[in-house]
Amino acid sequence: MNNDNRGFSPTGLRKMRDVLARHVDSGKIPGLVALVSRGDQTHVETIGTMRHDGGPPMRRDTIFRMASTSKPVTVAAAMILLDECRLRLDDPVQQWLPELADRRVLTRIDSPLDDTVAARRPITVRDVLTSTFGIGMDMTALGTPIMGAIFEQGLTPNLPEPMPEPDEWLRRLGALPLMHQPGERWQYHIGNDLLGVLVARASGQTFETFLAERLFEPLGMKDTGFHVPGDKIDRLPPLYAPDPQTGEFHVWDDASSGRWSQAPAFAGGGGGLVSTADDYHAYFRMLLNNGMHGSERILSRAAVQLMTTNQLTPEQNAARNAMARDNVHISFGQGQHGGWGYGMAVRTYRGDYANIGQFGWDGGSGTSTYADPGERLTGILLTQVGASVPDSIRAMHDFWTTVYQSVDD
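Attention here is on the structure that accompanies the text.

With respect to the environment of M16
Checked against the element boundaries, M16 lands in helix α1 (residues 10–25). Residues M16 and V403 lie 387 residues apart in sequence; the distance between their C-alpha atoms is 6.8 Å. Those residues in contact with M16 that sit more than four places away from it in its chain are V36, H43, E45, F399, T402 and V403.

Some details on the side chain of S300
Note that S300 resides in the loop between β11 (296–297) and α9 (301–307). Only 2.9 Å separates the side chain of S300 from the backbone nitrogen of A303, close enough to count as a polar contact. In contact with S300, other than residues within four places in its own chain, are D83 and N290.

Side note on the packing of helix α2 (residues 71–83) against helix α7 (residues 207–219)
Packed helices, taken two at a time, are described by their axes: the angle between them and the distance between them. It is at 10 Å that the axes of α2 and α7 come closest, and there the two elements cross at 80 degrees. Our classification of the angle between α2 and α7 gives roughly perpendicular. Where α2 abuts α7, its residues V73, T74, A76, A77, I80 and L81 lie against F207, F210, L211, R214, L215 and F216.

So, the nonpolar core
One finds W169, L173, L215, Y283 and L299 to be the most contacted residues of the largest nonpolar core, which totals 116 residues. The biggest single contributor to this core is α2, with nine residues.

Considering the pairing of strand β3 (residues 54–57)
Alignment of strand β2 (residues 41–51) against β3, held across two bridges, turns out to be antiparallel. Paired with R51 across the bridge in β3 is G54. The loop that links β2 with its antiparallel partner β3 comprises two residues.

Concerning the packing of aromatic side chains
Enumeration according to the criterion identifies 13 aromatic pairs in this entry. Measuring from ring centre to ring centre gives 5.8 Å for W186 and Y188, while their planes differ by 40 degrees; the resulting arrangement is tilted. For the residue pair W186 and Y188, the accessibility class agrees, reading buried in each case. Here the aromatic rings of W186 and W340 are separated by 5.2 Å at their centres, their planes lie at 65 degrees, and the arrangement is edge-to-face. Of the two residues, W186 is situated in the loop between α5 (166–174) and α6 (190–203) and W340 in strand β12 (residues 338–340); the sequence distance between them amounts to 154 residues.

About the cut-offs
Residues numbered from 1 in each chain as written. Predicted model: local features only at pLDDT ≥ 70, side-chain atom pairs only at ≥ 80, totals over all residues. Heavy atoms only, no water. Helix = DSSP H or I, 4+ residues; strand = E, 2+ residues; numbered from the N terminus. Contact = heavy atoms within 4.5 Å. Polar contact = N/O pair within 3.5 Å; in protein donor to acceptor, adjacent residues only side chain to side chain. Axes fitted to C-alpha atoms, helices over the stretch in contact; angles between N-to-C directions. Parallel < 35°, antiparallel > 145°, perpendicular 65-115°, else oblique. Core = buried A, V, L, I, M, F, W, Y, C linked by side-chain atoms within 4.5 Å. Buried < 20%, exposed > 50% of the residue type's maximum accessible area, 1.4 Å probe, protein only. Pairing = 2+ DSSP bridges. Phe/Tyr/Trp six-rings, centres within 6.5 Å; stacked < 30°, edge-to-face > 60°.

Structure, rendered in structure tokens:
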């Protein structure tokens, strides 16, 4: 049945605005931008202000730090290279990333860094795309030598070392053993940053340039990139990380002097993008149109289907389910999807209002971006409150509940 002419009920959209306004009125979230679209209908709400002490109102073109909602977008760069046969899924990555040849693997996750065995096989492109290449952010392994080394070497964003430029980043990554055998276990985040280095090496362009030329410009994503130029910086709110005990608003990243005020040494595919609701909508609408943007093909239908289909075996997925189940408050609601494609969650069971097949992800900066092919629906919620407290996560949860109860057939 063609649902393209059907959208949202006016009553449902009013309820969505009322629920979101309640979050802002509580004083816990200074402001937000929400976009929902279904078929030909698009509806946007802007509520509240840029700063917690007031300031200019939120606008439709407010620029947000997308954090981990960067992942579902930056993976498209790899899909373009797969479409062009410049990458192959089961090629070893060491032809582009020789730093990752001849891997050693820790005997146990808490082993000393020199207590290793040889990797059973090389790391493949597929391992990197599915975040199963052997190293990641493992919150269940904090305090182990390997996680300590990952933080000390600046291999993750701003924790506590800034990330070095890509060649040096990869050299440091290559000096560490893997935590698990290639292909064995899903692990968060670092694979998405590695993907950017792989795309740059395979394409001969920087990751930023490749994404700008092949994705952002064709889609008209004019406000999306890895930093905010000076003439747009007034559209970027501060990012807050409120104190978990007191709720006091702490500025985690300022606009004019902050991390996104100049081009970074490392363009992180895992969490580096800034963008707007309309830019992200253009990207998800292209995915819902099976890779087409108007009359221009950005990705093949097959590439879109592959990246938005669960790629994990139950064994690989055990760690992902544990992260979703046990990382309260981060995971409550939106974390429970069942599956993972390339750079994004893919819902494989119905655990809340969303349909099986919905794909997308959430960001620790208070962002949430998903599309639902069955309903031809996109939802985008953007805030400036990080996940140090549950407030933006609760707003996301309520946003998705109201999006789905607004669907009008």
